[in-house]
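Examining the three-dimensional arrangement
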Amino acid sequence: MTRIIQTPTRKSRAAKALCLVALMASAAPLSAAPVSASPPASSPTAVPFTGDLAPGKELIREGTLGGEAPYSLIKPAIWNGAIVVMPGRPDLAGVTARWLVEQGYGVIGYDFTANWDLELNRDNAGAAVKVFTTVAGEPETVVVNGRSQGGLTTRIIADSRPEWLDGALPMCGGGAGSVSTWNYKLDTAFALRELVDPGSPMRIQGITDRQAELQAMNDLVATAASTPEGRARAVLAAALGKIPAVDPATDREIPETDLDARIDRYIDHLPFAMGSHVRAGYEQTVGGVFSWNTGVDYVRSLKESGRWSEIMAAYRAAGISLEEDLDALASAKRLSADPEAVAFVERTATFTGELSVPVLSLHTNGDGAGTTADDQAYASVVRSTGSSPLLRQLFVSADGHCTFTPAEEIASLQVLFERIEDGRWGATSPQALSSVAAEVKARSELDLGASRFTQVSTAGTPARMWDARDWGSYSR
């Protein structure tokens, strides 16, 4: 039977105390990096803690962390000594946070800063631990659990290996790191623009007018969707970003025999998959253009995508020449990046793969913003450092970005806390996770939703991989 962990502690209190004293005494970043455009971190707002709370009384606090990021904190009336830090969840209004508090876990969630300032988001996790310690007492076990941008932030925190961290649960992509992710998003946008409407005003990178860029992107997708030729070209563009095709009605992969339905899903995902709304702000934060396609062999990329036969079928159905379109891509003017901006993103938002604590990731198989190929990329760099024993990867059969149920997130947290407590992984098969979720649901009166854990196929190779093994190799 799965246990609800009450006192999940692995580190000695002395070691943890030394870590937290060091954290409080220094505002230095967790790793060296060039100066960013983000504002300096301000002192966290906190109420001094002078002793443990009276039994039966819950502690709730709100305030701001560095960069004026709002946070909320809850220490339960009967605390088990563990806390969950939640990047991107400043109000703690969700079912997962409520379940954690009911089970005796402390929680602290904080908001993100503007324009994807991942460096500050990372540092605010340490500030959150400091605030919890000051306000509510010293935690014995600290887990970081974020989704979407918070999932990427969680991976960055794990990669920086702060002494206060005991485990990490990143959710929804981010595993490829920001250089890779935004390069394959650029590839998707570039192919769509050059093949559907080369005269489109969509800039793709170096964005100066966010609203104009979004309008151009949406217009381009609408143009592609309006003709058989454009729909075929959308298949090619989607292959470069490995965009999935999961039926939103059934949460199942659409069969390859239903090409029209698959194309519909690709087109629906394309705006989010290209991500112009995020790129514009991120370029401001990192100080320049950090994505490129100079030197990319798109024929090779498409053949390695695992979608080559589908692309050929789409082009045959539309009655257009794939060879001519590939020639057009090969001859199109390419996009270059600023090496200094690339170097900054390398050091702050890509991965070394060196882990010091257990990392358990969770991902839907129908996520158009960042696909399960990102998990392959992450496993590759972790494996290269010999850290694979610390990593497990879980998947949910669901369409959309971060569309997890509370049952799926809580079951994953339960498995991670047991790994921290026991020093070894329990079973992490879909069947085992479904059993954990069922036991969690049986112990709670909250509506935790369904459990849809699954396995995923790994057709093709991850797109445009880029991690510590590539750092410093980009040049114009």
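Up top you'll find the structure we're talking about.
Figured I'd write up the structure that's included with this text. (Residues numbered from 1 in each chain as written. Predicted model: local features only at pLDDT ≥ 70, side-chain atom pairs only at ≥ 80, totals over all residues. Heavy atoms only, no water.)

**Focus: the overall build of the protein**
Along its length, the protein carries 16 helices and 11 strands. Accessible surface computed for the protein: about 18,600 Å², of which carbon and sulfur atoms make up 51%. (Helix = DSSP H or I, 4+ residues; strand = E, 2+ residues; numbered from the N terminus. Areas by Shrake-Rupley, 256 points an atom, 1.4 Å probe, with all protein chains shown as cover.)

**Points about the sheet that holds strand β6 (residues 167-171)**
Across the sheet, which stays open at both edges, the nine strands sit in the order β1-β2-β4-β3-β5-β6-β9-β10-β11 with mixed pairing between neighbours. Among the strands making up the open sheet, the edge pair consists of β1 (59-65) and β11 (453-454). Alignment of strand β3 (residues 82-87) against strand β4 (residues 106-110), held across five bridges, turns out to be parallel. Bridge pairing in β4 links V84 to V107. Its contacts with the sheet put helix α2 (residues 95-102) on β2 (69-75), β3 and β4, and the angle it makes with β3 is roughly 170°. (Pairing = 2+ DSSP bridges. Contact = heavy atoms within 4.5 Å. Axes fitted to C-alpha atoms, helices over the stretch in contact; angles between N-to-C directions.)

**Some remarks on the pattern of salt bridges**
A full pass over the atoms with the stated rule returns 19 salt bridges. The closest approach of N and O atoms between R265 and D399, which form a salt bridge, is 2.9 Å. One end of the pair, R265, is in helix α8 (residues 259-274); the other, D399, is in strand β10 (residues 391-399), and 134 residues separate them in sequence. The pair formed by R265 and D399 is uniform in burial state, with each residue classed as buried. Its salt-bridge partner being R452, residue E408 comes within 2.8 Å of it at the nearest N-O pair. Here the residue E408 occupies a position in helix α15 (residues 406-422), and R452 occupies one in the loop between α16 (430-442) and β11, the gap between them amounting to 44 residues. When salt bridges that share partners are traced, they join R89, R147 and E409 into one network. (Salt bridge = Lys/Arg side-chain N within 4 Å of Asp/Glu carboxyl O. Buried < 20%, exposed > 50% of the residue type's maximum accessible area, 1.4 Å probe, protein only.)

**Here we look at the nonpolar core**
L65, L73, V85, I108, Y110, W164 and Y282 are the most contacted members of the largest nonpolar core, which has 54 residues in total. In contact with Y282, not counting residues within four places along its chain, are N115, W116, L118, S178, W182, F290, V345 and A349. Counting 44 residues, the second-largest nonpolar core is a separate cluster that includes L214, L220, L236 and L240. (Core = buried A, V, L, I, M, F, W, Y, C linked by side-chain atoms within 4.5 Å.)

**What to know about the environment of A225**
Residue placement: A225 occurs in helix α6 (residues 210-225). Setting aside residues up to four positions removed in sequence, A225 forms contacts with R231 and I267.

**With respect to the packing of α6 against helix α9 (residues 276-286)**
Interaxial distance between α6 and α9 falls to 9 Å at its minimum, and their mutual angle equals 150°. In terms of their interaxial angle, α6 and α9 are classed as roughly antiparallel. Of the two elements, α6 crosses α9, and the hand of that crossing is right-handed. Of α9, the residues touching α6 (which contributes R210, E213, L214 and M217) are S276, H277, A280, G281 and Q284. Here the contact of α6 with α9 is built from residues that sort into three nonpolar, four polar and two charged. (Parallel < 35°, antiparallel > 145°, perpendicular 65-115°, else oblique. Left-handed = near helix turned anticlockwise from the far one by under 90°. Nonpolar A, V, L, I, M, F, W, Y, C, P; charged D, E, K, R; others polar.)

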